[in-house]
Amino acid sequence: MTTAAQDFLRSAAEKSANLTHRHILRKGIDTYNTAVNRGLSRFMNWEAARQKCHEIKFEAINHLDRYLLEFEQHVNERGGHIFWAQNAEDARKYITDLAKRHNVRTIVKSKSMVTEEIHLAAALEAQEIKVFETDLGEFIVQLRGEPPYHIVTPAMHLTRDDIAALFKEKLGDVDTNDPQELVAAARRALRKAFFSAEMGITGANFLIADSGMIAITTNEGNADLGVSLPKIHVAVVGIEKVVPRLQDLALFWPVLATSGTGQPITCYNTLIGGPRGPKEFAGPEEFHVVLLDNGRTELLADPEQRDALHCIRCGACLNACPVYRTVGGHTYGTTYSGPIGSVLTPHLRGIHEFNHLSYASSLCGACTDVCPVKIDLHHHLLHNRRNAVNAHERPGSEGSEFKMFRWVMQSPARLATFGAIGRLAMRMIYGLGLAGTALDPTRKWTKMHAPPRIPKKSFRAQWKSSLAEKK
Amino acid sequence: MPKVSLFIPCFVDQLTPEVGLDMVKVLRRIGYDVDFPENQTCCGQPAFNSGYWNDARVLAERFVDVFRASENIVCPSGSCTTMVRNFYPELLVGNPKFDEATKLGQRVFEFSEFLIKVAKVTDVGATFPHRVAYHDACHALRELHLKNEPRELLKHVRNLELVDLPYSEDCCGFGGTFAINFNMISGAMGDTKAGNAEKTGAEFLTSTDPSCLMHIDGILRQRKSSVRTIHLAQILASSGDEPR
Amino acid sequence: MAQTENPGREAILGRIREALTKPAAHHVAKTTDDIFFPMGDPIEEFQKQCAINNTEFLSTTSVDASAAAIAEIISGLPAGPIFLQDAPILRRLSPTLLNGHKVQWSTEGIPAEESQATITLAETLVAATGSVFVSSACGGRGAAVVAPIHIVLAFTDQLVPDLETAFARLREQGTPEQNSMIVLITGSSRTADIEKILVMGAHGPRRFVVALSPRSE
């Protein structure tokens, strides 16, 4: 078992047993579900919205080179720079070099999972550049020295008391657990950073091919400050974020908001098309878009799972997933958690180390039901499992067990015989009170369950003897 | 008399035969001639779900052979029905038995689905004087799109009080080998489901899927709960005289 | 402008093209069904949505009446500069609007940190969501977010039913080409990052005001 798999099991066991943590998650997700149900009622035809979104992303992803080139052309025409980063290291180097070249001392950053993916903040801090996370949730986990817990609500595992204690310790001027006051404290703390930063780093929710603009969605307005005040704006964006036309946002903005938080639309939907224009009096002098591959072309090359690149990072699948709801976001140990994380990570970071995430699912399908772009999420978990087996990435004992299973199941006589022996053995073991001990081959089951009642006769035996007579 | 063949899941055959026997009882009561192709073993789902598609494929091909002569086929499990109807086509792409398997999938029905859509009955003459909550098994709900069918049947059972289960659509946590390989998570999910069942004050929790029920049952009994599990087929077979 | 050095560009494009030689199957049916509910009266809908998203909506009969209403809000603010978009109509109305406060014109640069309010025009208003499109022409970057209150002076001929129409209107006007920034504002800045409890006034304004009247001067 890989280290990642071991860590997952350990963390999962710990979190599964933590009733307080499960309760916090349940409450948060209940609040989300109530809001989303309200949000869905604002659509006359939500299913049509999902189909249309899928169609638009299908077009974009399956002509990705064309649309990226169109985007690049417009960005260049408008005075922006595009850097094509093959991997995390290329992206980090470009940005740190840029920052050093411009003597950047302070950076304000808005929420971007892709910057987590490439571990950008750490690379900048290593160059003695101070990075301030400005999204409130990200700001909180940054103060705690933790990765984000969820791709949309990074601090959903914390109570107001946790946050109050944190702010009292780290910010000083706080002595309350009132959410309004806590938000005001964060605003005060970050204003100084906004006004002194030389560089603003954002992600982007969408890249618009036909106009060379990027779209950034926030409720807080932190990205808007970040793209207005500093001299340099850098946007780091996965190559899969492209949509063909500006008016595609007329659908994606409400859909993203509905699935992300249940709102009809998020408070600030911002389009940036370059540095400050020649007739403009405020805004950055330079605009850079770092287009990140980092394994996305691997996924693109898998036509069966290519639609996983449709993801708009709304977080709905995390909230729908009963496994996520039980173990939480940190347990996954990956940038992207929940069902989309389990589908993507083997492609982005290798099936050897991360196939276990695809197995850590009951395949209930709730994720597929809620995905606004209709990614076949739970079936892709099955596909990842098949891929792992075919690549010989599973324990040898598992393969032998299924060979045995197949052999038994190829013959009703063998099934009857092995079944009878198995049942006899289990009746004995349970009868002797040995359930859960080292002598119990079903102890992984009996650890969590009272031992099942074991029937004396199988269905087929009873069919043969009694029911056949009645005929 | 209309005919129907029985598809008895391997674990029902070995561990919960009463579910199969009670399904037979109901089918006969509503006038069906029931046969059991004795050559059947397993649809292959455990191997398929774990990614061992080559092993699963062998069993799928075998299944097609076993049920070739059957007209309609009925199964007391949403997950096994799903395997044949929804996943055999994918598993057998490019295989000589692809067409046959796809057509076979259209003739396989989960038990409640069969009663409502094929037999077209909602009242099977059952009596079950108890308070009952219904758990939406995931495959039945999301792969076979069954939501109202089991509830419709339960509503026509005499003296049965059907109560709403909070979060009825949440997965119970069984998930096949998931319950073994990730038993802590599976147990926590089942624990949540068991707690929700207890909150309803129901005497029984029922569902279309015996695998879910086996999982929830083991957890309820470990909690020494007053709630017990019973398969839908067993409720529908009840005349009210059975000791419950 | 010097082209950025891009050693990875060809490699990535090459990988994309190679990947796309394998066609993906289309699993999802296409649709031409309508997605959103049909619109009733746009002004009524705009008003309804503003109440939901915490936009202060002032419906007045004339531009001068809007200016007076805005002045009333300004009078209640602490001392400090008011940032105004440098547009002819706002120049004309500025004595009323400023109500004794110092002015900072958008042509002087980004709003000062101590600004008490920003007042701008808009590009278009969207009834379906109670939203306002502003661009960098509307006071420049930062005008919508620096001060604790952002006020928009808008006209009924700017109101369109939905986002799709709004984008068409922006396209017609050449807004994307002529501006480096466009923002769709829906209500006041907010966050639910603490226990999912909604709190107004995160980094952006706590108050967002739209004063709407017919355009006739």
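Residues numbered from 1 in each chain as written. Chains lettered and ligands numbered in written order. Predicted model: local features only at pLDDT ≥ 70, side-chain atom pairs only at ≥ 80, totals over all residues.

1. A short note on the overall build of chain B
Moving on, step 1. When its secondary structure is counted, chain B shows 13 helices and 8 strands.
Moving on, step 2. Relative to the 2.2 N^0.38 estimate, which gives 18 Å for 244 residues, the radius of gyration of chain B is 17 Å and therefore close to what a compact globule would have.
Moving on, step 3. Projected onto its principal axes, the C-alpha positions of chain B cover 50 × 45 × 30 Å.
Moving on, step 4. Split into buried and exposed, the 244 residues of chain B put 59% on the buried side. (Helix = DSSP H or I, 4+ residues; strand = E, 2+ residues; numbered from the N terminus. Rg over C-alpha atoms; globule rule 2.2 N^0.38 Å. Buried ≥ 20, exposed ≤ 12 C-beta atoms within 10 Å, placed from the backbone.)

2. Considering the sheet that holds strand S8 (residues 228–231) of chain B
Residues and elements named next belong to chain B.
Moving on, step 1. Spatially, 4 strands are ordered S6-S5-S7-S8 in an open sheet, and the strand pairing comes out parallel. The open sheet has two edge strands, strand S6 (161–163) and S8, and neither has a second partner. Here the average twist between neighbouring strands, direction ignored, is 35°. (Pairing = 2+ DSSP bridges. Axes fitted to C-alpha atoms, helices over the stretch in contact; angles between N-to-C directions.)

3. Section: the pairing of strand S7 (residues 232–238) of chain A
Residues and elements named next belong to chain A.
Moving on, step 1. For S7, the tally of buried residues reaches 7 of 7 residues, placing the bulk of the element in the interior.
Moving on, step 2. Alternating residues of S7 divide into Ile232, Val234, Val236 and Gly238 and His233, Ala235 and Val237, and every residue in both groups is buried.
Moving on, step 3. Both strand S4 (residues 199–202) and S7 contribute to a ladder of 4 bridges, which runs parallel. Across the sheet, the residue bridging to Gly200 is His233, located in S7.
Moving on, step 4. Where S7 lies against strand S10 (residues 286–292), 7 bridges are found, and the strand directions are parallel.

4. A word on the arrangement of the chains
Moving on, step 1. Counting contacts across all 2 pairs of chains that touch, the top pair turns out to be chains A and C.
Moving on, step 2. The least C-alpha distance between chain B and chain C, which are not in contact, is 13 Å. (Contact = placed C-beta atoms within 7 Å.)

5. Some points on the interface of chain B and chain A
Moving on, step 1. Counting from both sides, the interface comprises 51 residues of chain B and, opposite them, 47 residues of chain A.
Moving on, step 2. Broken down by element, the side of chain B that touches chain A gets its largest block of residues, 7 residues, from helix H11 (residues 183–199) of chain B.

6. Comments concerning the confidence of the model for chain C
Moving on, step 1. Per-residue confidence for chain C gives a mean pLDDT of 95, with 98% of residues at or over 70.
Moving on, step 2. Across the interface, the model reports ipTM at 0.97; the global pTM reads 0.96. (pLDDT = per-residue confidence, 0-100.)

7. Points about the interface of chain A and chain C
The parts lose accessible area when they come together, and the size of an interface is often stated as this lost area.
Moving on, step 1. Facing 83 residues of chain A, the contacting portion of chain C comprises 68 residues.
Moving on, step 2. For the side of chain A that touches chain C, the residue count by class is 39 nonpolar, 28 polar and 16 charged.
Moving on, step 3. As judged from the 5 bridges shared by strand S9 (residues 268–272) of chain A and strand S9 (residues 181–185) of chain C, these two strands associate in the antiparallel manner. The residue of S9(C) that forms the bridge with Ile272(A) is Met181(C). (Nonpolar A, V, L, I, M, F, W, Y, C, P; charged D, E, K, R; others polar.)

8. Considerations on unusual backbone geometry
Residue and element names in this part refer to chain A.
Moving on, step 1. Phi at Glu128 is positive, roughly 60°, even though this residue is not glycine.
Moving on, step 2. According to the C-beta neighbour criterion, Glu128 is exposed, with 8 such atoms within 10 Å.
Moving on, step 3. If you check the backbone angles, Arg313 has positive phi at about 55° while not being a glycine.
Moving on, step 4. On the secondary structure map, Arg313 appears in the loop between helix H13 (296–300) and helix H14 (316–320).
Moving on, step 5. By C-beta crowding, Arg313 is classed as partly exposed, having 19 other C-beta atoms within 10 Å.

9. Concerning the sheet that holds strand S1 (residues 55–59) of chain C
Residues and elements named next belong to chain C.
Moving on, step 1. Taken in spatial order, the 6 strands line up as S1-S12-S7-S4-S2-S3 in an open sheet, and their pairing is parallel. What marks the edges here is a single partner per strand, and that holds for S1 and strand S3 (103–105). Taking each pair of neighbouring strands and ignoring which way they run, the sheet shows an average axis angle of 20°.
Moving on, step 2. In this structure, strand S4 (residues 117–120) lies alongside strand S7 (residues 149–155), joined through 3 bridges in parallel fashion. In the sheet register, Ile119 faces S7, and the bridge partner there is Ile151.
Moving on, step 3. Relative to strand S2 (residues 82–84), helix H4 (residues 88–98) is tilted by about 165°, and along the sheet it contacts S2, S3 and S4.

10. Observations regarding the nonpolar core
Moving on, step 1. Grouped together as the largest cluster of nonpolar side chains are 286 residues, with contacts concentrated most on Val290(A) and Leu291(A).
Moving on, step 2. When residues no more than four places from it in sequence are discounted, the contact partners of Leu291(A) are Leu68(A), Ile82(A), Phe83(A), Trp84(A), Ala85(A), Val237(A) and Ile239(A). (Core = buried A, V, L, I, M, F, W, Y, C linked by C-beta atoms within 7 Å.)

11. So, helix H22 (residues 412–431) of chain A
Moving on, step 1. For H22(A), which comprises 20 residues, the first-to-last C-alpha distance of 28 Å matches the rise-based estimate of 28 Å (1.5 Å per residue) to within 8%.
Moving on, step 2. By the burial criterion, the buried members of H22(A) are Leu415(A), Gly419(A) and Ile429(A). Along the long axis of H22(A), the arc covered by the buried residues comes to 100°, so they all point the same way. Exposed residues on H22(A) whose side chains face more than 90 degrees from its buried face are Ala413(A), Thr417(A), Ile421(A), Leu424(A), Met428(A) and Gly431(A).
Moving on, step 3. Buried-residue contacts for H22(A) involve helix H21 (396–409) of chain A together with helix H1 (10–14) of chain B.
Moving on, step 4. Once H22(A) ends, the next one or two residues include Gly433(A), with phi positive near 75°. (Expected span 1.5 Å × (residues − 1). Arc of directions from axis to C-beta.)

12. Here's the deal with the environment of Ala121(A)
Residue and element names in this part refer to chain A.
Moving on, step 1. Residue position: Ala121 is located in helix H7 (residues 120–126).
Moving on, step 2. With 20 C-beta atoms packed within 10 Å, Ala121 lands in the buried category.
Moving on, step 3. Separated by 11 residues in sequence, Ala121 and Phe132 have C-alpha atoms that sit 8.8 Å apart.
Moving on, step 4. Contacts of Ala121, omitting those with residues within four sequence positions, involve Lys109, Thr115 and Val131.

13. With respect to the domain arrangement of chain B
Residues and elements named next belong to chain B.
Moving on, step 1. Along its sequence, chain B is organised into domain 1 (3–118) and domain 2 (131–237).
Moving on, step 2. If you look at the interface, domain 1 gives 26 residues, while domain 2 gives 23 residues.
Moving on, step 3. Those elements that place two or more of their residues in the side of domain 1 that touches domain 2 are H1, helix H2 (17–29), helix H3 (45–49), helix H5 (78–91) and helix H7 (111–118).
Moving on, step 4. Considering each element in turn, the side of domain 1 that touches domain 2 owes the most residues, 6 residues, to H2. (Domains from an automatic or database assignment.)

14. Observations regarding the packing of helix H3 (residues 63–75) of chain C against H4(C)
Residue and element names in this part refer to chain C.
Moving on, step 1. At a minimum axis distance of 8 Å, the contact between H3 and H4 shows a crossing angle of 40°. Of the possible angle classes, the one that applies to H3 and H4 is oblique. For the pair formed by H3 and H4, the contact residues are Ala67, Ala68, Ile70, Ala71 and Ile74 on the first element and Leu93, Thr96, Leu97 and Leu98 on the second.
Moving on, step 2. Residues of the contact of H3 with H4, tallied by class, amount to 8 nonpolar, 1 polar and no charged. (Parallel < 35°, antiparallel > 145°, perpendicular 65-115°, else oblique.)

15. Quick look at helix H12 (residues 249–260) of chain A
A turn of α-helix holds 3.6 residues, and therefore any two residues three or four places apart point the same way.
Residue and element names in this part refer to chain A.
Moving on, step 1. Burial of H12 is extensive: 11 of the 12 residues sit out of reach of the surface.
Moving on, step 2. Among all positions in H12, only Leu249, Ala250, Phe252, Trp253, Pro254, Val255, Leu256, Ala257, Thr258, Ser259 and Gly260 are buried.
Moving on, step 3. Residue Gly262 follows H12 closely and has a positive phi angle near 90°.

16. Quick word on the packing of helix H16 (residues 338–349) of chain A against helix H20 (residues 377–390) of chain A
Residues and elements named next belong to chain A.
Moving on, step 1. Look at H16 against H20: their axes get within 9 Å of each other, and the N-to-C directions meet at 35°. Judged by the sense of rotation from one axis to the other, the crossing of H16 with H20 is left-handed. Contact residues: H16 offers Pro339, Ile340, Ser342, Val343 and Pro346, while H20 offers Leu377, His380, Leu381 and Asn384.
Moving on, step 2. Split into classes, the residues belonging to the contact of H16 with H20 amount to 6 nonpolar, 3 polar and no charged. (Left-handed = near helix turned anticlockwise from the far one by under 90°.)

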